[in-house]
Amino acid sequence: MTPRPRDATATRAAILDAGRRQFARDGFERVTVRSVAAEVGVDPAMVMRYFTNKAGLFAEAAATELVLPDLAGLGPDEIADALVDRFFALFEESPTLLVLLRAAATSPEAAERLLAVILDQAGPALATAAVDRPAERAALVGSQILGFAFVRLVLGAPAAAAMSRDDVRAWVGPTLARYLTDPDLGP
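This structure is a prediction, so every number in the text was calculated from the model and none was measured. (Residues numbered from 1 in each chain as written. Predicted model: local features only at pLDDT ≥ 70, side-chain atom pairs only at ≥ 80, totals over all residues. Heavy atoms only, no water.)

(A) Highlighting the overall build of the protein. What the protein contains, in helices and strands, is 10 helices and zero strands. Its C-alpha atoms give the protein principal-axis dimensions of about 65 × 30 × 25 Å. The buried share of the protein, taken over its 187 residues, is 42%. Sequence separation of 24 or more characterises 69% of the internal contacts of the protein that already satisfy a separation of 6 or more. Element-wise, carbon and sulfur atoms account for 57% of the exposed surface of the protein, whose accessible area totals about 9,800 Å². For the protein, the separation between the mean place of its 19 positive charges and that of its 24 negative charges on side chains is 10 Å. (Helix = DSSP H or I, 4+ residues; strand = E, 2+ residues; numbered from the N terminus. Buried < 20%, exposed > 50% of the residue type's maximum accessible area, 1.4 Å probe, protein only. Contact = heavy atoms within 4.5 Å. Areas by Shrake-Rupley, 256 points an atom, 1.4 Å probe, with all protein chains shown as cover. Lys, Arg positive; Asp, Glu negative; His and termini not counted. Charge placed at Lys NZ, Arg CZ, Asp CG, Glu CD.)

Structure, rendered in structure tokens:
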């Protein structure tokens, strides 16, 4: 193996990238410090140096900012389009949220982190479009998005995996909009 040039910033970034890939693919439980180090071509001590342990690497690999669009004042169709587009970008163009979703199934720490992202970031953004009962409506939107993402990206269900963004917008979008804007929904 050719030795890596000594560049602390590049080595740290390579370890973090490898961690993200492995956590997204394998989940928290199956990833090891050794497997991440081996992928990068460094000694496992380097992973420990930069991230302290696997949990520290995971915490940084799973750090995410949802940056949801402003939904206030949008009509139901616009809400649906905005949410589907944003969540496609989050799940399919960046591995970070997928890291959390996959790991949350087996790790209480990951589940807690994913819940915090949903409550602290998605909840307030979704509440601006909710006709009433914002917490319940945000929870329903989250269940739909996370459930679909799990079936599509983690389980790899062929029908869900084959859907285009327009297909998802047509099938899932109206449900998201209904959850937020239908005043007749709920008890």
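(B) Examining the nonpolar core more closely. Among the nonpolar cores identified, the biggest contains 58 residues, and Ile15, Phe58 and Leu83 are the most heavily contacted of them. In terms of residue count, helix 5 (residues 76-92) provides more of this core than any other element does, eight residues in total. Filtering out sequence-adjacent residues up to four positions away, phenylalanine 58 remains in contact with Phe23, Phe28, Val99, Leu100, Ala103, Ala110 and Arg113. (Core = buried A, V, L, I, M, F, W, Y, C linked by side-chain atoms within 4.5 Å.)

(C) A look at the UniProt feature "domain: HTH tetR-type" (unreviewed entry) in the protein. In this structure's numbering, the residues bearing the UniProt feature "domain: HTH tetR-type" (unreviewed entry) are residues 9-69. Structurally, residues 9-69 comprises 69% helix and 0% strand, and the distance from its first C-alpha atom to its last is 32 Å. (UniProt positions renumbered as here; feature names shortened; annotations may be inferred.)

(D) Spotlight on empty space enclosed by the protein. This structure, assessed with the given rule, holds two cavities of 30 Å³ or more. Empty space within the largest cavity amounts to approximately 150 Å³. Around the largest cavity, the lining is made up of 14 residues, and of these Phe87, Phe88, Ile145, Phe148 and Val168 lie nearest the centre. Contributing elements (two or more residues each) for the lining of the largest cavity: helix 5, helix 8 (134-154) and helix 10 (165-181). (1 Å grid on protein atoms, 1.4 Å probe; cavity = no way out; pocket = protein on both sides within 12 Å on 5 of 7 lines; lining within 4 Å. Points joined across faces, edges and corners; volume = space filled by probe spheres on them.)

(E) Focus on the pattern of salt bridges. Taken as a whole, this structure holds 11 salt bridges when the rule is applied. Between arginine 12 and glutamate 60 there is a salt bridge, and its shortest N-O distance comes to 2.8 Å. Taken together, the residues arginine 12 in helix 1 (residues 8-26) and glutamate 60 in helix 4 (residues 54-61) connect sequence positions 48 residues apart. By relative accessible area, which is 26% here, arginine 12 ends up partly exposed. With a closest N to O distance of 2.3 Å, aspartate 85 and arginine 169 form a salt bridge. One end of the pair, aspartate 85, is in helix 5; the other, arginine 169, is in helix 10, and 84 residues separate them in sequence. By relative accessible area, arginine 169 is classed as buried at 19%. Residues participating in the shared-partner salt-bridge network are Asp81, Asp85, Arg165, Asp166 and Arg169. (Salt bridge = Lys/Arg side-chain N within 4 Å of Asp/Glu carboxyl O.)

(F) Structural view of the environment of alanine 80. Positionally, alanine 80 belongs in helix 5. Those residues within four positions of alanine 80 in sequence are excluded, and the remaining contacts are Gly173, Pro174 and Ala177.

(G) Region of interest: helix 5. Over its 17 residues, helix 5 runs 24 Å from end to end, which matches the ideal 24 Å to within 8%, given 1.5 Å per residue. Every buried residue of helix 5 is listed here: Ile79, Ala80, Ala82, Leu83, Val84, Phe87, Phe88, Ala89, Leu90 and Phe91. On its buried side, helix 5 packs onto helix 6 (96-104), helix 7 (108-127), helix 8 and helix 10. (Expected span 1.5 Å × (residues − 1).)

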